[in-house]
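Overview (structure and organization)
This is what each chain is made of:
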Amino acid sequence: MDPFPTFSVIPAVDVQDGEVVQLVQGERGTEKRYGDPVESAKRWVDQGASTLHMVDLDGAFEGERANADAVGRVLGAVGVDVQLGGGIRTVDDATDLLKRGVDRVILGTAAVENPDIVAEISETYPDSVMVSLDAKDGEVVVSGWTEGTGLDPAEAAERYEELGAGAILFTDVDVEGQLDGVQTDPVRRVVEAVDIPVVASGGVATIDDVRALREAGAAAVVVGSALYEGRFTLGEAMDAVEE
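Residues numbered from 1 in each chain as written. Predicted model: local features only at pLDDT ≥ 70, side-chain atom pairs only at ≥ 80, totals over all residues. Heavy atoms only, no water.

**A short note on unusual backbone geometry**
The backbone of Asp-17 sits at a positive phi, close to 50 degrees, despite the residue not being glycine. Locating Asp-17 in the fold gives a position in the loop between β1 (8-16) and β2 (19-22). Of note, the phi angle at Asp-127 is positive, near 65 degrees, even though the residue is not glycine. Within the secondary structure, Asp-127 is located in the loop between α6 (116-124) and β7 (129-136). According to the relative accessible area criterion, Asp-127 is partly exposed, its value standing at 40%. (Helix = DSSP H or I, 4+ residues; strand = E, 2+ residues; numbered from the N terminus. Buried < 20%, exposed > 50% of the residue type's maximum accessible area, 1.4 Å probe, protein only.)

The following block contains the structure:
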């Protein structure tokens, strides 16, 4: 089942120390804080979000889930799809979250270190794995964007599709969190490599950026800083891609 039958604008709810934050290029110490995750989640749903993108940033950096309470409260408060990443390193981690009501688990470092984890989870929960490919200077990076892997994003996406991934999350680290605009060519390369949905993330600053990613073939776009900083509203972005 296609999780994104029409192009979707997905608000980010990134959590660090129990609070919503946005980082610049994923670096600790650059965070701006935006309060309670449940309040943010409810606000985006009230404005029309059909999916929320949650990341346990402490989990991403430390390698084990750290914001279970915040995640649980958001799951209990909203009735829309929630995709979650950050610190999910094992099959048990993933299946536990899927049983608790997470719709898609996002695997980054775990999928790079052990690609078979994608197949293992997908056997029991088809289409539930979204593989996160974070690219810096054209190379997939892991461990909070601190380690290069030598992998080409488009080639990696093909491999994970073969292993059963239901979607790819492609984050352009070069522009992430800077509100300076998007690069469409890296997104287009990944989109053209696979038949599963590709969700784009990183750099969205304007409505035109959202349109550009849709035109590049992305099935959805994750938006964080631009929404939290009021560059545009979720409703404006949704209206723009429906035109």
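**Observations regarding the environment of Arg-231**
Mapped onto the fold, Arg-231 is located in the loop between α10 (225-228) and α11 (234-242). Classification of Arg-231 as partly exposed rests on a relative accessible area of 47%. In this structure, the C-alpha to C-alpha distance between Arg-231 and Val-141, residues 90 residues apart in sequence, is 28 Å.

**Overview of the pattern of salt bridges**
Overall, the coordinates contain 11 salt bridges when judged by the stated rule. Between Glu-229 and Lys-32 there is a salt bridge, with its nearest N and O atoms 3.0 Å apart. Taken together, the positions of Glu-229 in the loop between α10 and α11 and Lys-32 in strand β3 (residues 32-33) put the pair 197 residues apart, joining distant regions of the chain. Asp-81 is paired through a salt bridge with Arg-104; the nearest N and O atoms lie 3.5 Å apart. A residue pair is termed long-range when its members are at least 10 positions apart, and Asp-81 in strand β5 (residues 81-85) and Arg-104 in strand β6 (residues 104-107) qualify at 23 residues. The buried category is assigned to Arg-104, whose relative accessible area is 5%. It is possible to trace a salt-bridge network through shared partners that takes in Asp-17, Glu-19, Glu-31 and Arg-33. (Salt bridge = Lys/Arg side-chain N within 4 Å of Asp/Glu carboxyl O.)

**Topic: the pairing of β2**
Here β1 pairs with β2 via 2 bridges, running antiparallel. Each residue of the ladder has a partner; that of Val-15, found in β2, is Val-20. With antiparallel pairing between neighbouring strands as the criterion, β1 and β2 make up a hairpin whose turn holds 2 residues, including Asp-17 at a positive phi of roughly 50 degrees. Relative to β3, β2 runs antiparallel, the two sharing 2 bridges. Each bridged residue has a counterpart across the sheet, and for Val-21 the counterpart in β3 is Arg-33. (Pairing = 2+ DSSP bridges.)

**Concerning helix α4 (residues 91-100)**
Residue pairs three or four apart in sequence face the same way in an α-helix, which turns once every 3.6 residues. Here α4 has its buried residues at Ala-94, Thr-95, Leu-97 and Leu-98. Take α4 and look down its axis: the buried residues cluster within an arc of 160 degrees, on one side only. Of the exposed residues in α4, the ones pointing more than 90 degrees away from its buried face are Asp-92, Lys-99 and Arg-100. Residues of α4 that are buried sit in contact with β5, β6 and α6. Backbone geometry just after α4 places Gly-101 at a positive phi near 115 degrees. (Arc of directions from axis to C-beta. Contact = heavy atoms within 4.5 Å.)

**What to know about the environment of Ala-49**
Note on placement: Ala-49 falls in the loop between α1 (37-46) and β4 (51-56). For the pair Ala-49 and Ala-111, spaced 62 residues apart in the sequence, the C-alpha separation amounts to 28 Å. Discounting residues that sit within four places of it in the chain, Ala-49 has contacts with Pro-11, Trp-44, Val-80 and Leu-234.

**Description of the packing of aromatic side chains**
With the rule as written, the count across this model stands at 2 aromatic pairs. Residues Tyr-34 and Tyr-228 carry aromatic rings whose centres are separated by 4.8 Å and whose planes lie at 35 degrees to one another, so their mutual orientation is tilted. Note that Tyr-34 is positioned in the loop between β3 and α1 and Tyr-228 in helix α10, a separation of 194 residues in sequence. Residue Tyr-34 is classed as buried on the basis of its relative accessible area, which comes to 19%. Of the residues examined, Tyr-228 reaches a relative accessible area of 11% and is grouped as buried. (Phe/Tyr/Trp six-rings, centres within 6.5 Å; stacked < 30°, edge-to-face > 60°.)

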